[in-house]
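Each chain, letter by letter, is given below.
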Amino acid sequence: MFGEGTDMNALLQQAQAMQEQLMSAQQELAETEVTGTSGGGLIVATVSGAGELLGLEIKPEACDPEDTESLADLIVAAVRDANNQASALAQSKMGPLTGGLEGMGGMPGGVPGL
């Protein structure tokens, strides 16, 4: 299964170290807050680095009882903006770590939780 000269113990240690780095990065992402905006700052959405919606600020000027559809669109846009930023943050933190999995034969189906 492994080529000659492969030290199985070293390979296992490398895998364990990578797993610890992934868990640390996931924890850091869960604790990081990212904001997204829409409508020139009328709506501000705050999400965790893992993409969980943590808060939503709506300025009074965004509230028009005659046009709730536009308000809904602004909210969706702000949350989408925040999630895009959270995804970019996750990629910058996890990309280098998960890219190293290819050198270990890859991980079919990806790494759960990423």
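Residues numbered from 1 in each chain as written. Predicted model: local features only at pLDDT ≥ 70, side-chain atom pairs only at ≥ 80, totals over all residues. Heavy atoms only, no water.

In the nomenclature of an unreviewed UniProt entry, the protein corresponds to Nucleoid-associated protein CGZ91_04230 from the organism Parenemella sanctibonifatiensis. The heading Function (unreviewed entry) in the UniProt record of the protein holds the text "Binds to DNA and alters its conformation. May be involved in regulation of gene expression, nucleoid organization and DNA protection." Recorded in UniProt under Subunit (unreviewed entry), the annotation for the protein is "Homodimer." (UniProt positions renumbered as here; feature names shortened; annotations may be inferred.)

(A) Local environment of the pattern of salt bridges. Tallied over the full model, the rule gives one salt bridge. A salt bridge links glutamate 28 to lysine 93; its shortest N-O distance comes to 2.8 Å. Of this pair, glutamate 28 sits in helix α1 (residues 8–31) while lysine 93 sits in helix α2 (residues 68–99), placing them 65 residues apart in sequence. (Salt bridge = Lys/Arg side-chain N within 4 Å of Asp/Glu carboxyl O. Helix = DSSP H or I, 4+ residues; strand = E, 2+ residues; numbered from the N terminus.)

(B) Structural detail: the sheet that holds strand β1 (residues 33–38). Pairing in this open sheet of three strands is antiparallel, and the strands run β1-β2-β3 from one edge to the other. The open sheet has two edge strands with one neighbour each: β1 and β3 (53–58). Each strand axis lies, on average, 15 degrees off the axis of its neighbour in the sheet, ignoring direction. (Pairing = 2+ DSSP bridges. Axes fitted to C-alpha atoms, helices over the stretch in contact; angles between N-to-C directions.)

(C) Broad picture of the UniProt feature "coiled-coil region" (unreviewed entry) in the protein. Residues given the UniProt feature "coiled-coil region" (unreviewed entry) here are residues 8–35. Between the C-alpha atoms that bound residues 8–35 the distance is 44 Å, and the span itself is 86% helix and 11% strand.

(D) Structural context of the nonpolar core. Listed in full, the ten residues of the largest apolar core are Val34, Ile43, Ala45, Val47, Ala62, Leu71, Ala78, Val79, Ala82 and Ala86. The element contributing the most residues to this core is α2, with five residues. Excluding residues within four positions of it along the chain, valine 47 makes contact with Thr32, Glu33, Val34, Glu52, Leu53, Leu54, Ala82, Asn83 and Ala86. Core analysis: the second largest hydrophobic core is formed by five residues, Met18, Leu22, Leu29 and Met94 among them. (Core = buried A, V, L, I, M, F, W, Y, C linked by side-chain atoms within 4.5 Å. Buried < 20%, exposed > 50% of the residue type's maximum accessible area, 1.4 Å probe, protein only. Contact = heavy atoms within 4.5 Å.)

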